[in-house]
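Listed below, chain by chain, are the residues.
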Amino acid sequence: MQTHRLAHLLSGTPPLSFPAQTSETAETADAAGGAVRHAAWSGQVRAVVERLARVPAPAPLTSVSLGTSVSDGLHREQLELDSPVRGRFRATLLRPADAAPGPAVLVLGGKNARLEQLTGQTPPDHADRNVAEHLARAGFTTLAFAYGLHGGFDPEALDGRDEGALLAHAFALRGHSLLGALAGDALGALDVLRAHPLVDADRVGLFGHSLGGAVALHTALLARRTVPLCVASHLGTYAALFTRLLTGFEGAALPGILEYADLPDLFGALAPAPLQLQYGTADRFLDADDARTAAGTVERAYAASGAEQRLEVLELPMGHGTEVSRAAAFFTRVLTAPAAPPEAAPDTVPDTLPVTAPVPAQRVSFDAEARRTVCERVDAALVSGVLTQGPQVARFEELSRAWTGTPGAAVNSGTGALEIALRILDVAGRTVLVPVNTFFATAAAAERAGARARFVDLELDGLGMAPDGLRAALDRYPDTAAVVPVHIGGIVSPALHEVLALCRDRGIPVLEDAAHAFGSTLDGHPAGSLGQFGAFSFFPTKVATSAEGGLLTCADPDDLERVRLWRDHGRSAPGSTLHDRPGGNWRMSEVHAAVGTVDLERFGAILTARRALAARYDELLAGVPGQRPHVVPAGSESNFYKYLLYLDDGVDRASLKRRLRERHGVALAGEVYDHLLCDQPFFAASRAAGDGTEHDFPRARWFARHHIALPLYPSLTEGEQLRVAAALRSELR
Ligand SMILES: *Cc1c(COP(=O)(O)O)cnc(C)c1O
């Protein structure tokens, strides 16, 4: 009866199960399409694992050496590691005594394996238990650590109870899982191994047996880079392990995982990482048929990703063990030959690096902790019933103030912010001056507010509105009601001082379009605090996001009150049912604010990361021919919304972008901008109608033709930056 109920509980196909979603399409589609779909699916599986594993991010382990010894041709180093979740635990680093820098393997044993057995210090209770010793003798540096599943309790008091199960329950009480905690420690141990002077950081693999196989699998899924993996005696479906065989250990599965994916799906999501799976036909913890079925799923997933040759499934005539020689052969193959890519110093960019995953133009990235916080805030909004203009929006406004220096009102978009400011300035029927080089929304907002948008050239130092061009335009359009400089690429141009002075002299208000410039400053003044108004966008591609959203900062507190009325249907007063202006619905919802507050809470780190990435591009690009980076002028601190560089005359930008994408998998970010506003069909039409709109903007035209923007976002890795630089070097020489 009991088994029946369990079978019912564990039956059904999880939604991320591999064949359910992708097998049929993968067979009919071309190979490249299959790889892209596999990558998307794998990303979903990894995100679920990341969320359920609850590994504290990032989890640096401190490591203390307790002494070293050499015996029997092996060098042993005893370590004590300190983990955020599990506290202190012991580890042993083992290597051939005469080792030169080379490959390494993190060894994760089974539930009953003791550290001393893994490393061969005490005789193993199974012939193949001392995997770490075997691999060290095969030439690998190995690291193994204690799980702490044994030895904590008085055996009398335990009275037959399972220590592992008790520990798993204790973790569950804190919302953790034993598996998540062990995988977190294994991630930290991988870093300890990579940092070792005798380990080549690019050649580190993972081995796991039984419970260790589950830990190794989850560690590989959580790892930021590809790790070759060998797993022995941990294969099957969760339903079979927990109902038919009754050998499933709660510490070897993530609570909640079967709502999304089964064990074979987790292995399949590892593709294209090299993977060896071993299982024994005489293993009393597994069922050979079930393991075979599971292996089939893994094989289909690997085939869909185009990496079937990187998967090796070994059905062996063994019990619950490991065929150590096959494991050693696997690691020799994937970690020693062919040579891993050379570690390049910043000043020696290799011409080409092997193309792995593409470097995308943009990557929105919320880690598991951030996503959980968003969900909790959305949940709180749904529980309270306050779904718009509530406490989350208030907090969004409060948090943003730290970066704008001026109070602001949250709205539903950057365009909404621009339009509200222009309506408050009552520009209808008059001229609004905008840079000819900006996003369409800057000018469209003016047109929708009833004004005529007219254009000004840019200056090439800070990419701001050109003061000489502005002076000429103000003379030409004496009915100018507002001037809207734009901080292109995140740079608040020093020329803005002159723009402000010109406008002040004539009593014309300035609205900063700071959509690119959240967090940027000029002479210490934040973007959005220099004009009468500052409009920000929180669209996903901008430096901070609320999915959709905007913010309008106001120098004058009375204006701030006006914004709050305009955004809420133009009420005469807050809460009033009387409306005295043609307002609209420009409100930000609590759901959007939930996303936005999470992004703003980490915005300091985002800004630091963007600036560090830009500085690294500066180094990597020095000496790359055919280009020169845009230099941000002194006094201006950019948020590096865009990292801009100029191509030499004669470089065909469209062809360069295509070659970077097709040959190197590098996608460039969008230009800012490739068309001038005067050439946009909407404005070109009115020019053709002969209304005298100027269209001779030599500097903006030069800029629009010559610049490119490199991918830059906080999750961009050093390796990806190297690939971008190497791709440019190889295509521009
Ligand atoms: C993104 C952007 C806008 C519009 O912002 P939304 O939030 O998409 O409405 C306005 N101006 C510039 C310069 C932009 O880049």
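All of these numbers come straight from a predicted model, not from anything done at the bench.

Engineer: Sorry, what's going on with the overall build of the chain here?
Structural biologist: Secondary structure summary: the chain contains 26 helices and 22 strands in total. Projected onto its principal axes, the C-alpha positions of the chain cover 95 × 65 × 55 Å. Here the chain, with 733 residues, has 55% of them falling under the buried criterion. Of the contacts made within the chain by residues no fewer than 6 positions apart, 72% connect residues no fewer than 24 positions apart. Summed over its atoms, the accessible surface of the chain is roughly 30,400 Å², and 54% of this surface lies on carbon and sulfur atoms. Distance between charge centres in the chain, computed from 68 positive and 84 negative side chains, equals 2 Å.

Engineer: Would you mind going over the sheet that holds strand 22 (residues 707-710) with me for this structure?
Structural biologist: Backbone hydrogen bonds are what pair the strands of a sheet, in a parallel or an antiparallel way. Taken together, the three strands give an open sheet; going across it, the order is 19-21-22, and neighbouring strands pair in antiparallel fashion. Edge strands, defined here as strands with exactly one partner in the open sheet, are strand 19 (627-629) and strand 22. Strand-to-strand, the axes of this sheet are offset by a mean angle of 35°, without reference to chain direction. The pairing of strand 19 with strand 21 (residues 643-647) spans three bridges and is antiparallel. In the sheet register, Arg628 faces strand 21, and the bridge partner there is Tyr646.

Engineer: Explanation requested: the domain arrangement of the chain in the structure shown.
Structural biologist: Often, the extent of an interface is quoted as the loss of accessible area upon association of its parts. Considered domain by domain, the chain is made up of domain 1 (2-15 + 23-335), domain 2 (369-600) and domain 3 (604-732). Computed over C-alpha atoms, the centres of domain 1 and domain 3 are 43 Å apart.

Engineer: Explain the site of the ligand here, please?
Structural biologist: Taken together, 16 residues sit near the ligand, with Gly414, Thr415, Asp513, Ser537 and Lys542 positioned nearest. In the model, a nitrogen atom of the ligand is placed 2.8 Å from a nitrogen or oxygen of the Asp513 side chain. Lys542 has a polar side-chain atom sitting 3.0 Å from an oxygen atom of the ligand. A total of 380 Å² of accessible area belongs to the ligand in isolation, and the protein chains cover 91% of it. Sorting the residues of the shell around the ligand by element identifies helix 16 (414-424) and helix 17 (440-448) as the ones contributing at least two each. In terms of residues, the shell around the ligand owes the most to one element, helix 16, which gives three residues. For the shell around the ligand, the class distribution of residues is six nonpolar, eight polar and two charged.

Engineer: Just to check I follow, could you spell out the sheet that holds strand 8 (residues 275-280) for this structure?
Structural biologist: Sheet architecture is open: nine strands sit in the order 1-2-3-5-4-6-7-8-9, paired in mixed fashion. Lying at the two open borders of the sheet, with one neighbouring strand each, are strand 1 (62-71) and strand 9 (311-316). Sheet twist, expressed as the mean angle between neighbouring strand axes with direction ignored, is 20°. Pairing between strand 7 (residues 229-232) and strand 8: four bridges, direction parallel. Its bridge partner being in strand 8, Cys230 is matched across the sheet by Gln276. Most of the contacts of helix 13 (residues 324-336) go to strand 6 (residues 199-209), to which it runs at about 155°, and overall it touches strand 4 (102-108), strand 6, strand 7, strand 8 and strand 9.

Engineer: Is there a simple way to think about the packing of aromatic side chains in this case?
Structural biologist: The description of an aromatic ring pair rests on the distance of the ring centres and on the angle between the ring planes. Within the structure shown, the criterion is met by 20 aromatic pairs. A ring pair is formed by Phe440 and Phe682, whose centres lie 6.0 Å apart and whose planes are at 85°; its orientation type is edge-to-face. Of this pair, Phe440 sits in helix 17 while Phe682 sits in helix 24 (residues 681-688), placing them 242 residues apart in sequence. Centroid distance Phe518 to Phe538: 5.3 Å. Interplanar angle 70°. Geometry classified as edge-to-face. One end of the pair, Phe518, is in the loop between strand 14 (511-513) and strand 15 (521-522); the other, Phe538, is in the loop between strand 17 (533-537) and strand 18 (550-554), with 20 residues separating them in the sequence. What makes Phe538 buried here is its relative accessible area of 0%. Put simply, the rings of Phe396, Trp403, Phe518, Phe536, Phe538 and Phe603 touch in pairs and so form one group of aromatic residues. Taking the ring centre of Phe89 as reference, the NZ or CZ of Arg86 above it sits at 4.4 Å. Cation over ring: Lys642 sits above Tyr641, and NZ or CZ is 5.1 Å from the ring centre.

Engineer: Can you help me understand the confidence of the model for the chain in this one?
Structural biologist: Detailed reading of the predicted coordinates is not advisable wherever pLDDT falls low. Here the chain averages 91 in pLDDT, while 93% of its residues score no lower than 70. Below pLDDT 50 for its whole length, residues 339-355 participates in 28 contacts with residues either more than four positions away or in separate chains.

Engineer: So what exactly am I meant to see when it comes to the side chain of Asp559 here?
Structural biologist: Mapping Asp559 onto the fold places it in helix 20 (residues 557-566). By relative accessible area, Asp559 is classed as buried at 3%. Side chain to side chain, Asp559 and Arg562 meet in a polar contact 2.7 Å long. What Asp559 contacts, discounting residues up to four positions off in sequence, is Ile424, Gln532, Phe533 and Cys554.

Engineer: I'm lost on helix 13 in this one. Help?
Structural biologist: Think of an α-helix as 3.6 residues a turn; residues three or four steps apart then line up on the same face. Along its 13 residues, helix 13 runs 17 Å from first to last C-alpha, staying within 8% of the 18 Å computed at 1.5 Å per residue. Regarding helix 13, the residues found buried are Val324, Ala327, Ala328, Phe330, Phe331 and Leu335. All buried residues of helix 13 fall inside an arc of 160° around its axis, so they share one side. Against the buried residues of helix 13 lie strand 4, helix 5 (131-137), strand 6, strand 7, strand 8 and strand 9.

Engineer: Sorry if this is basic, but what is going on with the environment of Leu118 here?
Structural biologist: Summarising the element assignment, Leu118 is placed in helix 4 (residues 115-118). A residue is classified by how much of its surface remains accessible, and Leu118, at 4% relative accessible area, is buried. Leu118 sits 455 residues away from Ala573 along the chain, and the two C-alpha atoms are 74 Å apart. The residues contacting Leu118, other than those within four sequence positions of it, are Val107, Gly109, Ala113, Arg129, Asn130, Val131, Ala132, Glu133 and Ala144.

Engineer: Just to check I follow, could you spell out the nonpolar core for this structure?
Structural biologist: Inside soluble globular proteins, nonpolar side chains tend to come together where they are buried. Ranked by size, the top nonpolar core spans 78 residues in total, and within it Leu106 and Phe267 carry the most contacts. Considering every element that reaches this core, the biggest residue donor is helix 8 (residues 178-195), with ten residues. Apart from the residues within four sequence positions on either side, Phe267 is in contact with Leu217, Val231, His234, Leu235, Leu275, Leu277, Val298 and Tyr302. Of all hydrophobic cores here, the second largest spans 51 residues; its members include Val411, Leu418, Val484 and Val672.

Engineer: How do you make sense of the packing of helix 15 (residues 391-404) against helix 21 (residues 590-601) when you look at a structure like this?
Structural biologist: The description of two packed helices rests on the angle between their axes and on the distance between the axes. Two numbers describe how helix 15 lies on helix 21: the axes approach to 8 Å, and their chain directions differ by 30°. Considering their axes alone, helix 15 and helix 21 lie roughly parallel with respect to each other. When the axes of helix 15 and helix 21 are compared, the crossing they make is left-handed. Of the residues in helix 21, those in contact with Pro391, Gln392, Val393, Arg395, Phe396, Leu399, Ser400 and Trp403 of helix 15 are Glu590, Ala593, Ala594, Gly596, Thr597, Leu600 and Glu601. Among the residues making up the contact of helix 15 with helix 21, the classes are represented as eight nonpolar, four polar and three charged.

Engineer: Could you clarify how one ought to interpret the packing of helix 22 (residues 603-621) against helix 26 (residues 718-732) in this entry?
Structural biologist: Interhelical geometry of helix 22 versus helix 26 gives an angle of 35° and a closest axis separation of 10 Å. Here helix 22 and helix 26 pass one another in a crossing that is right-handed. In this structure, helix 22 contributes Leu613, Arg616, Tyr617, Leu620 and Leu621 to the contact, and helix 26 contributes Glu718, Gln721, Leu722, Val724, Ala725 and Leu728. For the contact of helix 22 with helix 26, a count of residues per class yields eight nonpolar, one polar and two charged.

Cut-off values and rules
Residues numbered from 1 in each chain as written. Predicted model: local features only at pLDDT ≥ 70, side-chain atom pairs only at ≥ 80, totals over all residues. Heavy atoms only, no water. Helix = DSSP H or I, 4+ residues; strand = E, 2+ residues; numbered from the N terminus. Buried < 20%, exposed > 50% of the residue type's maximum accessible area, 1.4 Å probe, protein only. Contact = heavy atoms within 4.5 Å. Areas by Shrake-Rupley, 256 points an atom, 1.4 Å probe, with all protein chains shown as cover. Lys, Arg positive; Asp, Glu negative; His and termini not counted. Charge placed at Lys NZ, Arg CZ, Asp CG, Glu CD. Pairing = 2+ DSSP bridges. Axes fitted to C-alpha atoms, helices over the stretch in contact; angles between N-to-C directions. Domains from an automatic or database assignment. Near = heavy atom within 4 Å. Polar contact = N/O pair within 3.5 Å; in protein donor to acceptor, adjacent residues only side chain to side chain. Nonpolar A, V, L, I, M, F, W, Y, C, P; charged D, E, K, R; others polar. Phe/Tyr/Trp six-rings, centres within 6.5 Å; stacked < 30°, edge-to-face > 60°. Lys NZ or Arg CZ within 6 Å of the ring centre and 35° of its normal. pLDDT = per-residue confidence, 0-100. Expected span 1.5 Å × (residues − 1). Arc of directions from axis to C-beta. Core = buried A, V, L, I, M, F, W, Y, C linked by side-chain atoms within 4.5 Å. Parallel < 35°, antiparallel > 145°, perpendicular 65-115°, else oblique. Left-handed = near helix turned anticlockwise from the far one by under 90°.

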